[in-house]
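What the coordinates show
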Amino acid sequence: MNILAPCDLPLINGEKVSLRPISREDTPLIVAWRNKPSVYRHFIFRQPFTPQLHENWLKTKVDTGQVIQYIIMENPRRRPIGSVYYRDVDPVNESAEYGIFIGEEDCLGRGLGTETARLFTRFGLDVLKMHRISLRVLGGNDIARRSYEKAGFVTEGVFKDMVKLDGEFRDVTMMAIVNKEEQA
């Protein structure tokens, strides 16, 4: 697995979106997005998100390479609309967990998340040389699940009633993509 320093992370350009490495200046956006009901309802972590929590995330996760996080920008304006990341980056097992959120509600349902998933997954497999990228999706989030499938993720299992959110038990679906090209 290729480990890139945060300062060496490239820009990733697509048709509908471009991706750039996160910076500390993005903190107000991340905090605002993560506190929107349209975003946090799809997260297992439901604690109110603060600038201090985000700074701690940057310092202990992003700066140490345990997380590779990018800002999603809508083309052609390059307006920031959300974030995509790899967490629990594991160089020994050449793996990480994928996560994404679109924070601008007018950008939902336009295929921007699907393009982001494709671009960031290719980056993880081709540039970072990951062998396996996994993700978790809450039961009922069928739009996200279909988007992940379009990007090449496959369902590996469903954990029934794995988490209790808002007083209800929810399933968690585990999905992954494995680098098939390295097996050839």
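Note that the coordinates shown come from a computational prediction; the quantities given were computed from them, not determined experimentally. (Residues numbered from 1 in each chain as written. Predicted model: local features only at pLDDT ≥ 70, side-chain atom pairs only at ≥ 80, totals over all residues. Heavy atoms only, no water.)

A word on the overall build of the protein
Counted only if it meets this: Numbering of helices and strands runs from the N terminus; a helix is a DSSP stretch of H or I covering at least four residues, while a strand is a stretch of E covering at least two. Both definitions apply: the radius of gyration is a C-alpha atom measure, and the globule rule equals 2.2 Å times residues to the power 0.38. Residue exposure (1.4 Å probe, protein chains only): buried if accessible area is under 20% of the type maximum, exposed if over 50%, otherwise partly exposed. Residue contacts follow a heavy-atom distance rule, with two residues in contact if any of their heavy atoms lie within 4.5 Å. When charges are counted, Lys and Arg are positive and Asp and Glu negative, with His and the chain ends excluded. Note that the charge is assigned to NZ on lysines, CZ on arginines, CG on aspartates and CD on glutamates.
When helices and strands are counted, the protein shows five helices and eight strands. When the helices and strands of the protein are placed in sequence order, the string is β-β-α-α-α-β-β-β-α-β-α-β-β. Relative to a compact globule of 184 residues, whose C-alpha radius of gyration would be 16 Å, the protein shows 16 Å and is just as compact. C-alpha atoms of the protein, sized along the principal axes, occupy 45 × 35 × 35 Å. Taken across its 184 residues, the protein has 45% of its residues classed as buried. Contacts in the protein between residues at least 24 apart in sequence constitute 61% of all its contacts with a sequence separation of at least 6. Both charge centroids of the protein, one from 26 positive and one from 25 negative side chains, sit 3 Å from each other.

Description of the pattern of salt bridges
Stated precisely, the cut-off is as follows: We count a salt bridge whenever a side-chain nitrogen from Lys or Arg sits within 4 Å of a carboxyl oxygen from Asp or Glu.
Applying the stated criterion across every chain yields a total of 14 salt bridges. Between R24 and D63 there is a salt bridge, with its nearest N and O atoms 2.6 Å apart. With R24 in the loop between β2 (17–21) and α1 (27–34) and D63 in the loop between α3 (51–62) and β3 (68–74), this residue pair connects regions lying 39 residues apart in the sequence. Notably, a salt bridge pairs R79 with D106, separated by 3.0 Å at the nearest N-O pair. With R79 in strand β4 (residues 79–90) and D106 in the loop between β5 (95–102) and α4 (112–127), this pair connects stretches of sequence that are 27 residues apart. Under the relative-accessibility criterion, R79 is labelled partly exposed at 21%. Residue classification places D106 among the partly exposed positions, given a relative accessible area of 46%.

Observations concerning the nonpolar core
We count it as follows: Note on terminology: a nonpolar core comprises buried Ala, Val, Leu, Ile, Met, Phe, Trp, Tyr and Cys residues joined through side-chain atoms within 4.5 Å.
Counting residues in hydrophobic clusters, the biggest one holds 33 residues, and the most contacted among them are Y86, Y98 and F120. Taken together, the elements giving at least two residues each to this core come down to β2, β3, β4, β5, α4, β6 (132–138), α5 (142–150) and β8 (168–178). Ranked by residue count, the leading element in this core is α4, at six residues.

Thoughts on the sheet that holds β6
Which entries qualify depends on this criterion: Any two strands are treated as partners once DSSP identifies two or more bridges connecting them. Structural elements are reduced to axes, namely lines fitted to C-alpha atoms, with helices fitted over the stretch in contact, and the angle between N-to-C directions of any two is expressed from 0 to 180 degrees.
A sheet is described by the order of its strands in space; here eight strands give the open sequence β1-β2-β3-β4-β5-β6-β8-β7, paired in mixed fashion. Of all strands in the sheet, those with a lone pairing partner are β1 (12–13) and β7 (154–165), marking the two edges. Bridge count for β5 against β6 is three bridges, and the pairing is parallel. Within β6, the position partnered with E97 by the bridge is S134. Contacting β3, β4 and β5, α1 runs over the sheet at an angle of about 90° to β4.

So, the packing of aromatic side chains
Note the threshold: Working definition: a ring pair exists when centres of Phe, Tyr or Trp rings (six-membered ring for Trp) sit within 6.5 Å. Plane angles under 30 degrees give stacked, over 60 give edge-to-face, the rest tilted.
Per the stated rule, a full pass over the model turns up twelve aromatic pairs. Between Y70 and F120 the ring centres are 5.3 Å apart and the planes differ by 65°, which places this aromatic pair in the edge-to-face class. Of this pair, Y70 sits in strand β3 while F120 sits in helix α4, and the two are 50 residues apart along the sequence. A single burial state applies to Y70 and to F120, both of which are buried. One aromatic cluster is present, built from ring pairs that chain together Y70, Y86, Y98, F120, F123, Y148 and F153.

Nothing here speaks to function; it is all geometry.
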